[in-house]
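The lines below spell out each chain.
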Amino acid sequence: MSYSTADLSRTVTLDDVRGAQKMLSGVARTTAMEGSRHLSQLVGAPVLFKCENLQRTGSFKLRGAYVRIAGLLPEERAAGVVAASAGNHAQGVALASALLGVTSTVFMPRGAPLPKISATQDYGAEVRLHGQVVDETLAAAQEHARQTGAVFIHPFDHPDVIAGQGTVGLEILEQCPEVRTIVVGVGGGGLAAGIAVAVKALRPEVRIVGVQAEGAAAYPPSLAAGRPVSLAHPATMADGIRVGRPGDVPFGIVGDLVDEVRTVTEDQLSAALLLCLERAKLVVEPAGASPVAALLAEPGAFEGPVVAVLSGGNVDPVLMQGVLRHGMAAQGRYLAVRLRLTDRPGALATLLGVLSGADANVLDVSHVRTDPRLGLTEAEVELHLETKGPEHCVEVGRALRDAGYTVMR
């Protein structure tokens, strides 16, 4: 079983969001609001984080999933539910189903991170791995629904899901009544739509800014066309907002109520994730850090107080390691250099002494002596260094050249 055309035509109202808030009492946490001194200085006004990365299951997705499943008829609950997700929605559906006593099946891509698969299973769902991308997984879940009668729980394209996500907006207004701008990541649009419904009904002057990853930005062309437009190959590290087509239900709401949709680059996402970890001590996934990326990219464009919604914290440790390296490199805090030196005892120690004198921390050394391009007495060394920023990178390069080394890159 899937949802009907009548479901898709329903509007989402403030009363729906308030009803969802009552339904979620004792289920979803009222997540913390934390100030960011660093971003406040950049923006010139207070900036606060709405920490949905600290929500149960690690993201806001529990809210919408619970409201959707709780609204099913008894015979629908008896048939069970099915969902497709790379992680956050999977965990939200799994926990919501367990809390409501409903059997759940979750289809996940074969390449889904093992921690997300394990967490979804631990919440009680049956996990089936299918396909390499979410679109293939989604098709498998919908086919399962048709064959078994299970109710398909869409991650964003249903009024009940949007109402549940809208409770984040009510909490923001309660925790920061003076808010002037809310910045939120956008994938399919369920979270942004829900927040917009709640906030614009109560505080229409509050500006709502959506943020998409540049390589998966389906909303700008869709809004320009006046209808949802599909992207052929959405690509971004931010899997939580890597959606190729806006949802039909959230699209109309976003078009009417969200003031602006911005895009951010992969470098900006990396820098934002690094800032959350270093400055705020918060583990945030790339999608959850997208509002921070937008603030870093153009801090003067936002009227404060600003609330940035950190929508999730379920980041794969392997991805986290890579993103942190990328973020540090983007900030000039990693430097890779390759040079040749005379292959004699003590030559490498001398080189390392030069780097130590320049206060560069050596992370990795690759020492090659057998390459046919090298002379008989030559060796090639590649070093990965931790530096203090772009200016320090220049100083390290100068120190190497002053010591007589030719830096090849």
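Remember, it's a predicted structure, so these values are computed and weren't measured experimentally.

A. Up close: the overall build of the chain. In terms of regular secondary structure, the chain is built from 17 helices and 13 strands. Taken along the three principal axes of its C-alpha coordinates, the chain extends 80 × 50 × 40 Å. Buried positions account for 55% of the 409 residues belonging to the chain. Of all intrachain contacts in the chain linking residues separated by at least 6 positions in sequence, the fraction that spans at least 24 positions is 73%. About 17200 Å² of surface is accessible on the chain, with carbon and sulfur atoms providing 51% of the total. Each charge sign in the chain was given a centre, from 36 positive and 42 negative side chains, and these centres are 2 Å apart.

B. Focus on the environment of Thr137. As for its position among the elements, Thr137 is in helix α8 (residues 134–148). Judged by relative accessible area, Thr137 falls into the buried class, the value being 0%. Spatially, the C-alpha atom of Thr137 lies 5.9 Å from that of Ala84, the residues being 53 residues apart in sequence. Excluding residues within four positions of it along the chain, Thr137 makes contact with Ala84, Phe107, Met108, Pro109 and His130. At a separation of 2.8 Å, a polar atom in the side chain of Thr137 contacts the main-chain carbonyl oxygen of His130.

C. Focus on α8. Along its 15 residues, α8 runs 21 Å from first to last C-alpha, staying within 8% of the 21 Å computed at 1.5 Å per residue. Of all the positions in α8, only Thr137, Ala140, Ala141, His144 and Ala145 are classed as buried. Taken around the axis of α8, the buried residues stretch over an arc of 145°, which confines them to a single face. Exposed positions of α8 whose direction lies more than 90 degrees from the buried face are Asp135, Arg146 and Gln147. Buried residues along α8 sit against β3 (81–84), β4 (104–108), β5 (126–129) and β6 (151–152). Following α8 by one or two positions, Gly149 adopts a phi angle in the positive range, close to 85°.

D. Up close: the pattern of salt bridges. If you walk through the whole model with that rule in mind, you get 14 salt bridges. Close ionic contact of Arg63 with Glu52 constitutes a salt bridge, the shortest N to O distance being 2.8 Å. Highlighted residues: Arg63 in helix α4 (residues 61–70) and Glu52 in the loop between β2 (47–51) and α4, separated in sequence by 11 residues. Assessed through its relative accessible area of 1%, Arg63 is described here as buried. For Glu52, a relative accessible area of 0% gives the class buried. Bridged by salt links that share partners, the residues Lys50, Glu52, Arg63 and Glu171 form one connected network.

E. Spatial organisation of the layout of surface pockets. In this structure, the largest pocket spans a volume of roughly 1000 Å³. For the largest pocket, the lining is made up of 49 residues, of which Val134, Phe156, Asp239, Arg242 and Val243 are closest to its centre. For the lining of the largest pocket, the secondary structure elements donating two or more residues are α6 (88–100), α8 and α10 (190–202). Here the lining of the largest pocket gets 4 residues from one element, more than from any other, and that element is α8. Residues that form the lining of the largest pocket fall into these classes: 20 nonpolar, 21 polar and 8 charged.

F. Up close: the nonpolar core. Judged by nonpolar contacts, the single largest core of 56 residues is most densely connected at Ile69, Val81, Ile172, Val179, Ile182, Ile195 and Val309. At 8 residues, α10 tops the list of elements feeding residues into this core. If we ignore the near neighbours within four places in the chain, the residues touching Ile172 are Met33, Lys50, Pro177, Val179, Ile182, Val307 and Val309.

G. Structural context of the side chain of Ser59. Looking at the element boundaries, Ser59 is found in the loop between β2 and α4. On the basis of relative accessible area, Ser59 is assigned to the buried category, the value being 0%. Within polar-contact distance, the side chain of Ser59 engages the backbone nitrogen of Lys61 at 3.1 Å. Setting aside chain neighbours within four positions, we find Ser59 in contact with Glu52, Asn88, Ser311, Gly312 and Asn314.

H. Summary view of the pairing of strand β8 (residues 207–213). Counted residue by residue, β8 has 6 buried out of 7 residues, so it is predominantly covered. In this sheet, β8 lies alongside strand β7 (residues 181–185) in parallel orientation, the contact comprising 5 bridges. Bridge assignment links Thr181 to a residue of β8, and that residue is Arg207. In terms of handedness, the path from β7 via α10 over to β8 forms a crossover that is right-handed.

Cut-offs applied
- Residues numbered from 1 in each chain as written.
- Predicted model: local features only at pLDDT ≥ 70, side-chain atom pairs only at ≥ 80, totals over all residues.
- Heavy atoms only, no water.
- Helix = DSSP H or I, 4+ residues; strand = E, 2+ residues; numbered from the N terminus.
- Buried < 20%, exposed > 50% of the residue type's maximum accessible area, 1.4 Å probe, protein only.
- Contact = heavy atoms within 4.5 Å.
- Areas by Shrake-Rupley, 256 points an atom, 1.4 Å probe, with all protein chains shown as cover.
- Lys, Arg positive; Asp, Glu negative; His and termini not counted.
- Charge placed at Lys NZ, Arg CZ, Asp CG, Glu CD.
- Polar contact = N/O pair within 3.5 Å; in protein donor to acceptor, adjacent residues only side chain to side chain.
- Expected span 1.5 Å × (residues − 1).
- Arc of directions from axis to C-beta.
- Salt bridge = Lys/Arg side-chain N within 4 Å of Asp/Glu carboxyl O.
- 1 Å grid on protein atoms, 1.4 Å probe; cavity = no way out; pocket = protein on both sides within 12 Å on 5 of 7 lines; lining within 4 Å.
- Points joined across faces, edges and corners; volume = space filled by probe spheres on them.
- Nonpolar A, V, L, I, M, F, W, Y, C, P; charged D, E, K, R; others polar.
- Core = buried A, V, L, I, M, F, W, Y, C linked by side-chain atoms within 4.5 Å.
- Pairing = 2+ DSSP bridges.
- Right-handed = clockwise from strand over helix to strand, strands pointing away.

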